[in-house]
Amino acid sequence: MARRDSVSSRAEHDTFDFVVVGSGGGALAAALAAADAGATVLVLEKQPLIGGSTCMSGGMAWVPDNPVMRAAGVHDSYADAMAHFEAVVGDVGPASSYERRHAFLTAGPEMVSFLERLGVRLVYCPGYADYYSNAKGGSDSGRGIEAVPFDGHALGEWSDKLQPGLAKSLGMAVMTNEARFLSHYNRSARAFAVAARVATRTVAARLRRQDLLTNGASLIAQMLLAALQRGVTVWTDAPLDDLLVDDGRVTGVRVTRAGSSMDIAARRGVLLAAGGFAHNRDMRQEYGGDQPNQGKWSISNPGDTGEAMQTAMRLGAKTDLMDEAWWLPSPRTGRFGQSTLDQARQRPRTIYVDAAGKRFVNESNSYMEVGKAMYARNKTAQAVPCWLIFDDRYRKRYAHVRSHPGWFPRDLLKSGRLKQAWTLPDLANLCGIDAPGLAETVERFNEFAARGEDPDYGRGESAYNRCLGDPNRNVHPCLGPIDEAPYYAVEVVPGDIGTCGGLVTDEHARVVDQDDQPIEGLYAAGNITATVMGRHYLGPGASIANSMVFGYIAARHAVSATGRRPDGR
Ligand SMILES: Cc1cc2nc3c(=O)[nH]c(=O)nc-3n(C[C@H](O)[C@H](O)[C@H](O)COP(=O)(O)OP(=O)(O)OC[C@H]3O[C@@H](n4cnc5c(N)ncnc54)[C@H](O)[C@@H]3O)c2cc1C
């Protein structure tokens, strides 16, 4: 039986209708929905900065059949999206039940309309295909939307309270659907035109003294502004310490603020949108299962440490998919996620191999798919880490994070992280890879590349594979021979952008107990939950949509009649 009375109530210091723990995408979408319905809302963020991983991210949201894509003239349907869930996600238990998929697919478009009504400006990301675009119900043109560039100065005193965004580290006001062209600026006229537009926008913003935010930072900034304008109270440096429970119902939170512990009552409910546990080494070791990981390669925000999830677990909340993460294969050439060679696996003239020198995956598939393949392969041959192999033509042809084609290896070679050799057997020996295995693999791959097909793994067959490959029409977007010495290799580890298993929630985003009964007054959304996406990443923005849509659902339920307290309030 669920244990729900472990925390006793204290004197109430303050009262809100709805308390939201966390300040990422799910948290702010929920805060807006509740405030718009007339509720008083408190957002608690334990870090000094707002926005969590959402603010640091690409900020796309994968919302099938949404009004922004409809306005762009792109056809989609609930039926196709539901068929896609069935075809790709399959049966993974209650996290992705029919009811939860239905809730996601119906509330998602409504949430997008709602955000637009509140002034959050979003655009469609044409051509950023679903990650399983070839599967039933998949979309070649894509279902992702993202926030438009936004001047952070509009936030006034809050403008320096945001987690640093993705584009800030690049020094460019680049949108996420532009980034895939930016690094191919030398490969096609279209890519060059996009890069020129980004450069012009960046320079213009500097001249106008704007703090132009893009990606997740724009999404968070726009939602934060709307929330502040609607009277939402936001506290930073205010960690949730525990949940207050009265007669089995969650009635509030215990929080530390300015060094003191205080109790806050939540009349309509508490939403946990506090992210996952990517940086909690103990939890990752305990729950890693077949995908063991100590979190040391995660690039999720530093607050992703799982203690909010543990408060719900202490109340008897059910959990699922705890071994799962949004995996990100990460070449070890620098800061994970910003490595010089992050994009390499999706470009021609590269392969991933295990220690036996064998390929084991379609390298151009989604980061989650490739990360999971590394773990699956590791059961029979060492593939954690695996190796990225490429040739000198790759080096000369492609641009990389902060470096132009042909420039990158000197520092990397000096550091020893990048291996270089004039023959493949020498390269294999440097890396401890089986030399005959590697030679055989490259010979076979080169034959495939010459034919422009990959019968082993289907690389390049999907619109998704192609949309992130080389845009130059004269070459195959994903396949090319590895045949120009010297050859290179770098270790690749399964990093991640967050975990995606956790509290089991129902179609109203209510946390359920071991008997599948909702814990009254307790809601959860985002990486703190077992995701509706199951063990697959369906498209660009799948994890942010998972967080925002269920945050929105939670708020609407909590402030509606059905979410009312038993005493009718
Ligand atoms: C570099 C990068 C790029 C990414 N790109 C994309 C992308 O383009 N599309 C996509 O879908 N996903 C992307 N992701 C993943 C995505 O950002 C996350 O999966 C998603 O934003 C998680 O949202 P969330 O609302 O669950 O948590 P978060 O946005 O991480 O917010 C959780 C917040 O809760 C706070 N918190 C934690 N514990 C407590 C506590 N006890 N008390 C108070 N506050 C607490 C945390 O400090 C944090 O600020 C990316 C991630 C990264 C790091």
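Residues numbered from 1 in each chain as written. Predicted model: local features only at pLDDT ≥ 70, side-chain atom pairs only at ≥ 80, totals over all residues.

## Here we look at the packing of helix H1 (residues 25–36) against helix H18 (residues 542–559)
Then, in step 1: Taken N-terminus to C-terminus, the directions of H1 and H18 make an angle of 30 degrees; their axes are 7 Å apart at the nearest point. When the axes of H1 and H18 are compared, the pair comes out roughly parallel. Helix-helix and strand crossings are classified by hand; for H1 and H18 the assignment is right-handed. On H18, the residues that touch Gly25, Gly26, Ala27, Ala29, Ala30, Ala33 and Ala34 of H1 are Ile544, Ser547, Met548, Phe550, Gly551, Tyr552, Ala554, Ala555, Arg556, Ala558 and Val559.
Then, in step 2: In terms of residue class, the contact of H1 with H18 is built from 13 nonpolar, four polar and one charged. (Axes fitted to C-alpha atoms, helices over the stretch in contact; angles between N-to-C directions. Helix = DSSP H or I, 4+ residues; strand = E, 2+ residues; numbered from the N terminus. Parallel < 35°, antiparallel > 145°, perpendicular 65-115°, else oblique. Left-handed = near helix turned anticlockwise from the far one by under 90°. Contact = placed C-beta atoms within 7 Å. Nonpolar A, V, L, I, M, F, W, Y, C, P; charged D, E, K, R; others polar.)

## A word on the sheet that holds strand S5 (residues 144–147)
Then, in step 1: The antiparallel open sheet is built from three strands, whose spatial order is S3-S5-S4. Both edges of this open sheet fall to strand S3 (61–62) and strand S4 (122–124), since each of them pairs with a single strand only.
Then, in step 2: Bridging between S4 and S5 involves three bridges; their strand directions are antiparallel. Its bridge partner being in S5, Val123 is matched across the sheet by Glu146. (Pairing = 2+ DSSP bridges.)

## Quick look at helix H4 (residues 78–89)
Then, in step 1: Its twelve residues give H4 an end-to-end C-alpha distance of 16 Å, which sits within 8% of 16 Å, the value for a rise of 1.5 Å per residue.
Then, in step 2: Inspection of H4 places Ala81, His84, Phe85 and Val88 among the buried residues, and these make up the whole buried set. Taken end-on, H4 shows its buried residues confined to a sector of 100 degrees, consistent with a single buried face.
Then, in step 3: Buried residues belonging to H4 abut helix H5 (98–117).
Then, in step 4: Just downstream of H4, Gly90 is the residue with a positive phi angle, here 65 degrees. (Expected span 1.5 Å × (residues − 1). Buried ≥ 20, exposed ≤ 12 C-beta atoms within 10 Å, placed from the backbone. Arc of directions from axis to C-beta.)

## Details of the domain arrangement of the protein chain
In many analyses, interface size is given as the accessible surface area lost on bringing the parts together.
Then, in step 1: For the protein chain, the assigned domains are domain 1 (1–165 + 214–324 + 500–569) and domain 2 (329–496).
Then, in step 2: Computed over C-alpha atoms only, the centres of domain 1 and domain 2 are separated by 35 Å.
Then, in step 3: Taken together, the contacts link 18 residues of domain 1 with 15 residues of domain 2.
Then, in step 4: The residue inventory of the side of domain 1 that touches domain 2, partitioned by class, reads seven nonpolar, eight polar and three charged. (Domains from an automatic or database assignment.)

## Observations regarding the site of the ligand
Then, in step 1: Around the ligand, a shell composed of 45 residues is seen, among which Gly24, Gly52, Gly58, Gly303 and Gly526 lie nearest.
Then, in step 2: Counting residues per element, the ones that place at least two in the shell around the ligand are H1, helix H2 (52–56), helix H11 (307–314), strand S17 (487–499) and H18.
Then, in step 3: Class assignment of the residues belonging to the shell around the ligand gives a composition of 17 nonpolar, 24 polar and four charged. (Near = placed C-beta within 6 Å.)

## Considerations on the confidence of the model for the protein chain
Then, in step 1: Looking at the protein chain, the pLDDT average stands at 94 and 95% of residues meet or exceed 70.
Then, in step 2: This model gives residues 1–12 a pLDDT under 50, and the stretch forms 26 contacts once residues within four places in sequence are excluded. (pLDDT = per-residue confidence, 0-100.)

## Re the pairing of strand S9 (residues 240–246)
Remark: a regular strand shows side chains that alternate across the two faces of the sheet.
Then, in step 1: Two strands pair when backbone bridges link them, and S9 and strand S10 (residues 249–257) are joined in this way by six bridges, in the antiparallel orientation. Note on S10: the bridge partner recorded for Leu243 is Val253.
Then, in step 2: Adjacent in sequence and paired antiparallel, S9 and S10 are bridged by two residues, among which Asp247 carries a positive phi angle near 50 degrees.

## Overview of helix H16 (residues 435–451)
A turn of α-helix holds 3.6 residues, and therefore any two residues three or four places apart point the same way.
Then, in step 1: The end-to-end C-alpha distance of H16, which contains 17 residues, comes to 25 Å, matching closely the 24 Å that a straight helix rising 1.5 Å per residue would cover.
Then, in step 2: Every buried residue of H16 is accounted for by Leu438, Thr441, Val442, Phe445 and Ala449. Relative to the axis of H16, the buried residues are bounded by an arc of 100 degrees and lie together on one face. In H16, the exposed residues that point more than 90 degrees away from the buried face are Pro436, Glu447 and Arg451.
Then, in step 3: Buried residues along H16 sit against strand S14 (350–353) and helix H15 (424–431).

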